[in-house]
Amino acid sequence: MKDIISSGDLLVYLADNAIEIEAAQRLRYKVFYQEMGAVPSLHARRARLDEDPFDSLCDHLLVVDKSRSNGKPFVVGTYRLLRRSVAEKAQGFYSRNEFDLTSLLAYPGEIVELGRSCVHEDYRSGAVMQLLWRGISAYLDAYGIEMMFGCASFPGTDPEAIKVGLSYLHHYHLASEEIRPRAQQTRFVDMGKIAPDWLDRRSALSELPPLIKGYLRVGGVVGEGAVIDRQFNTTDICVIVECTKITERYRRHYKPSGTS
């Protein structure tokens, strides 16, 4: 999967060395800490890297701009991917700190956790995110993955400010009980603050962050309850996508050219 696809000067592939992973961590620091107000540790501030122990376990999907790569890869988009077959041999999934994943872990096939998604501020026209999705599609095929999940975030830590979006997701996109994760009880934030009769569905959908809307477009559903992450200055939900439910239209749209 080194060169999954190229579009002009942009390449999408899996990182295969420490230099490429560090470039992704540097982009994550720029987006999460410098732009979104996450609170860095002293080490993170000095290194200007967003890193944690899960990085050594995960695959790192990168979009690199060749025209701005001068000796080192200029990473303009990234996703972190952790397969169940890898997580079970180590410390489990990152999301377990926020959500009870018991129902997901009972799922019989291979599953993958998606996280740490971000795009460089100069590249947010949508093209880089589409390349990342195409890379994910190839990754799902390569490893026979049947379900993907992970934390997705609203900016800010005030649930009242985003109660329209949270309520919309709770009432209209709640996962079926057999696969539904639930926010850890000590961190549980009720998502259904507004009754469905009081929601304008179109307006509520428009208030969702672009990444969450992207998950919904490929059949994504959400877990029960949200979690406030004060370090990252976000309110997190758990999103689940059964890959067999991704519509054929989106599979064709995101699948890399030259593959069957």
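Structural notes, computed from the coordinates. (Residues numbered from 1 in each chain as written. Predicted model: local features only at pLDDT ≥ 70, side-chain atom pairs only at ≥ 80, totals over all residues. Heavy atoms only, no water.)

**Observations concerning the overall build of the chain**
Scanning the chain from N- to C-terminus turns up 9 helices and 11 strands. Expected size for 260 residues packed as a compact globule is a radius of gyration near 18 Å; at 18 Å, the chain falls within 12% of this value. Overall, the C-alpha framework of the chain stretches about 55 × 45 × 40 Å when taken along its three principal axes. Per-residue burial for the chain yields a buried fraction of 52% across its 260 residues. The long-range fraction of contacts in the chain, counting pairs at least 24 apart against all pairs at least 6 apart in sequence, stands at 76%. With the model as given, the accessible surface of the chain reaches about 12,300 Å², and the carbon-plus-sulfur share is 49%. In the chain, which carries 33 positive and 34 negative side-chain charges, the distance between the mean positions of the two groups comes to 3 Å. (Helix = DSSP H or I, 4+ residues; strand = E, 2+ residues; numbered from the N terminus. Rg over C-alpha atoms; globule rule 2.2 N^0.38 Å. Buried < 20%, exposed > 50% of the residue type's maximum accessible area, 1.4 Å probe, protein only. Contact = heavy atoms within 4.5 Å. Areas by Shrake-Rupley, 256 points an atom, 1.4 Å probe, with all protein chains shown as cover. Lys, Arg positive; Asp, Glu negative; His and termini not counted. Charge placed at Lys NZ, Arg CZ, Asp CG, Glu CD.)

**Some remarks on the nonpolar core**
Across soluble globular proteins, nonpolar side chains have a tendency to be buried as a group. Among the nonpolar cores identified, the biggest contains 45 residues, and Met148, Leu169 and Ile237 are the most heavily contacted of them. The element contributing the most residues to this core is helix α5 (residues 127-143), with 7 residues. Every residue in contact with leucine 169, bar those within four places of it in the chain, is listed here: Phe154, Leu174, Met191, Leu208, Ile212, Leu216, Val222 and Ile237. Core analysis: the second largest hydrophobic core is formed by 19 residues, Leu104, Ile111, Phe149 and Cys238 among them. (Core = buried A, V, L, I, M, F, W, Y, C linked by side-chain atoms within 4.5 Å.)

**Let's talk about helix α1 (residues 18-35)**
For α1, which comprises 18 residues, the first-to-last C-alpha distance of 25 Å matches the rise-based estimate of 26 Å (1.5 Å per residue) to within 8%. Along α1, the positions that sit buried rather than exposed are Glu20, Ala23, Ala24, Gln25, Leu27, Arg28, Tyr29, Val31, Phe32 and Tyr33. Of the residues flanking the start of α1, the one acting as N-cap is asparagine 17, its side-chain oxygen 3.1 Å from the backbone nitrogen of isoleucine 19. Just past α1, the residue glycine 37 takes up positive phi, approximately 85 degrees. (Expected span 1.5 Å × (residues − 1). Polar contact = N/O pair within 3.5 Å; in protein donor to acceptor, adjacent residues only side chain to side chain.)

**Notes on the pairing of strand β11 (residues 234-242)**
The buried fraction of β11 amounts to 9 of the 9 residues, a majority that puts the element mostly inside the structure. Covered by surrounding structure in β11 are Thr234, Asp236, Cys238, Ile240 and Glu242 together with Thr235, Ile237, Val239 and Val241, the residues of both alternating faces. Direction of pairing for strand β7 (residues 145-155) relative to β11: antiparallel, over a ladder of 9 bridges. By the bridge assignment for β11, phenylalanine 149 is matched with isoleucine 240. Sheet topology note: the strand β10 (residues 227-229)/β11 ladder contains 3 bridges and is antiparallel. Its bridge partner being in β11, valine 227 is matched across the sheet by aspartate 236. Here β10 folds back onto β11, and the loop between the two strands holds 4 residues, one of which, asparagine 233, carries a positive phi near 60 degrees. (Pairing = 2+ DSSP bridges.)

**Describing the pattern of salt bridges**
What the rule picks out here adds up to 15 salt bridges. Between aspartate 50 and arginine 116 there is a salt bridge, with its nearest N and O atoms 2.7 Å apart. Of the two residues, aspartate 50 is situated in the loop between α2 (42-47) and β3 (59-65) and arginine 116 in strand β6 (residues 110-119); the sequence distance between them amounts to 66 residues. Aspartate 50 sits in the buried class, given a relative accessible area of 1%. The class of arginine 116 is buried, set by a relative accessible area of 11%. (Salt bridge = Lys/Arg side-chain N within 4 Å of Asp/Glu carboxyl O.)

**Here's the deal with helix α8 (residues 210-217)**
Among the residues of α8, Ile212, Gly214, Tyr215 and Leu216 are the ones counted as buried. Backbone geometry just downstream of α8 places glycine 219 in the positive-phi region, at approximately 90 degrees.

**Remarks on the packing of aromatic side chains**
In this description, an aromatic ring pair is defined by two values, namely the gap between the centres and the angle between the planes. Across all of its chains, the model carries 8 aromatic pairs by this definition. Considering the side-chain rings of phenylalanine 54 and tyrosine 94, the 5.6 Å spacing of their centres and the 85 degrees angle between planes classify their relative orientation as edge-to-face. Taken together, the residues phenylalanine 54 in the loop between α2 and β3 and tyrosine 94 in the loop between α3 (84-87) and β5 (99-100) connect sequence positions 40 residues apart. Ring geometry for tyrosine 139 versus tyrosine 143: centroids 4.8 Å apart, planes at 50 degrees, classification tilted. In this pair, tyrosine 139 and tyrosine 143 are both assigned in helix α5, 4 residues apart and thus about one turn of the helix distant. (Phe/Tyr/Trp six-rings, centres within 6.5 Å; stacked < 30°, edge-to-face > 60°.)

Purely geometric numbers; function is a separate question.
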